[in-house]
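# Residue-level structural notes
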Amino acid sequence: MRGVSKSIKLAAAVLVSVTLLTDYQTVAGESTDNPIIFEPIPESTAKGQQVSYCPISRTHDIDPFTEEEKDLLKAIAMAEAGNQGEDGMWLVMSVVLNRVNMDPWPDTIKDVITEAHQFASIDRRIESSEECDKALERIRSGDIAPKIIAFETKDSKILDEYFWPAFTYRDHKFYTKK
């Protein structure tokens, strides 16, 4: 029943359209109308599975986030990826939102972010950067990186046991569900 409530929540977010920019293909060095920011992880690290990814744009008519949720998303992005630029912070925010809409994680942004042993400590007193504000605007407009549900520093392999490596971006390696 929990998965049903998550589907209803997603529909309630007034999802108007889903535009597939590329059909989940590995894009390496190709020029497209929409810049690809992802760097693929070699296929051998994905246990023989082909690593594939692409950005998806979702458009919402209304802002689906409360002020507290926006503050939490900015705080976690600054704590986890404050030195990773706008795209790095956008990716961290995307992980949070993808978890909200997926079992076994909690159903709210606050509960996902504050769940034990999941994210770095956040300090809401840290002022958001201009890049972080831009990342949040992308999220608010519905631009959410699909399927990524975890990340760690790119040199770590702890999460390889639990998730499929999808791509690296700067200092982080991002993962999808196995």
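Quick caveat, the model's predicted, so the values are computed rather than measured.

## Let's talk about the overall build of the protein chain
Each helix and strand in the protein chain was counted, giving 5 helices and 7 strands. For the protein chain, the α and β elements follow one another from N to C terminus as α-β-β-β-α-α-α-α-β-β-β-β. Taking all 178 residues of the protein chain together, the buried fraction comes to 43%. Partitioning the contacts of the protein chain with sequence separation of at least 6, the portion at a separation of at least 24 is 67%. Roughly 9,700 Å² of accessible area belongs to the protein chain as shown, and the carbon and sulfur atoms make up 50% of that amount.

## With respect to helix 5 (residues 130-140)
Cys132, Ala135, Leu136, Arg138 and Ile139 are the residues of helix 5 that are buried. Buried residues of helix 5, viewed axially, fall in a sector of 155°; they line one side. Those residues of helix 5 that are buried lie in contact with helix 2 (67-81), helix 3 (85-100) and strand 4 (143-144). Positive backbone phi, approximately 100°, marks Gly142, located one or two places after helix 5.

## Comments concerning the packing of aromatic side chains
On inspection of all chains with the given rule, the structure shows 5 aromatic pairs. Centroid distance Trp105 to Phe163: 6.4 Å. Interplanar angle 20°. Geometry classified as stacked. Highlighted residues: Trp105 in the loop between helix 3 and helix 4 (109-114) and Phe163 in strand 6 (residues 163-169), separated in sequence by 58 residues. Trp105 gets classed as buried once you look at its relative accessible area, which sits at 10%. With a relative accessible area of 14%, Phe163 lands in the buried category. Between Phe163 and Tyr175, the ring centres sit 6.2 Å apart and the planes meet at 50°, which makes this aromatic pair tilted. Placement of the pair is Phe163 in strand 6 and Tyr175 in strand 7 (residues 172-177), with a sequence separation of 12 residues. No difference in accessibility class separates Phe163 from Tyr175, as the two residues are buried.

## Considerations on unusual backbone geometry
With omega at 10°, the peptide bond leading from Asp103 into Pro104 counts as cis. Look at His117: it is not a glycine, yet its phi comes out positive at around 65°. By secondary structure assignment, the location of His117 is in the loop between helix 4 and helix 5. Here the phi dihedral of Lys147 falls at roughly 70°; this positive angle occurs in a residue that is not glycine. Relative to the helices and strands, Lys147 resides in the loop between strand 4 and strand 5 (148-153).

## Description of the confidence of the model for the protein chain
If pLDDT is low for a region, its predicted coordinates should not be looked at in detail. Chain-level statistics for the protein chain give a pLDDT mean of 74 and a share of 65% at 70 or above. Put simply, strand 1 (residues 15-20) is where the protein chain has its lowest mean pLDDT, 28, and helix 3 is where it has its highest, 97. This model gives residues 1-61 a pLDDT under 50, and the stretch forms 115 contacts once residues within four places in sequence are excluded.

## With respect to the side chain of Arg138
Position of Arg138 among the secondary structure elements: in helix 5. Judged by its relative accessible area of 18%, Arg138 falls in the buried class. Excluding anything up to four places from it in sequence, Arg138 contacts Glu86, Asp87, Trp90 and Asp143.

## Quick notes on helix 2
Helix length check: helix 2 (15 residues) gives 21 Å between terminal C-alpha atoms against 21 Å at 1.5 Å per residue, within 8%. Where helix 2 is concerned, the buried positions are Glu69, Lys70, Leu72, Leu73, Ala75, Ile76, Ala77, Met78, Glu80 and Ala81. Packing partners of the buried residues in helix 2 comprise helix 3, helix 4, helix 5, strand 5 and strand 7.

About the cut-offs
- Residues numbered from 1 in each chain as written.
- Predicted model: local features only at pLDDT ≥ 70, side-chain atom pairs only at ≥ 80, totals over all residues.
- Heavy atoms only, no water.
- Helix = DSSP H or I, 4+ residues; strand = E, 2+ residues; numbered from the N terminus.
- Buried < 20%, exposed > 50% of the residue type's maximum accessible area, 1.4 Å probe, protein only.
- Contact = heavy atoms within 4.5 Å.
- Areas by Shrake-Rupley, 256 points an atom, 1.4 Å probe, with all protein chains shown as cover.
- Arc of directions from axis to C-beta.
- Phe/Tyr/Trp six-rings, centres within 6.5 Å; stacked < 30°, edge-to-face > 60°.
- pLDDT = per-residue confidence, 0-100.
- Expected span 1.5 Å × (residues − 1).

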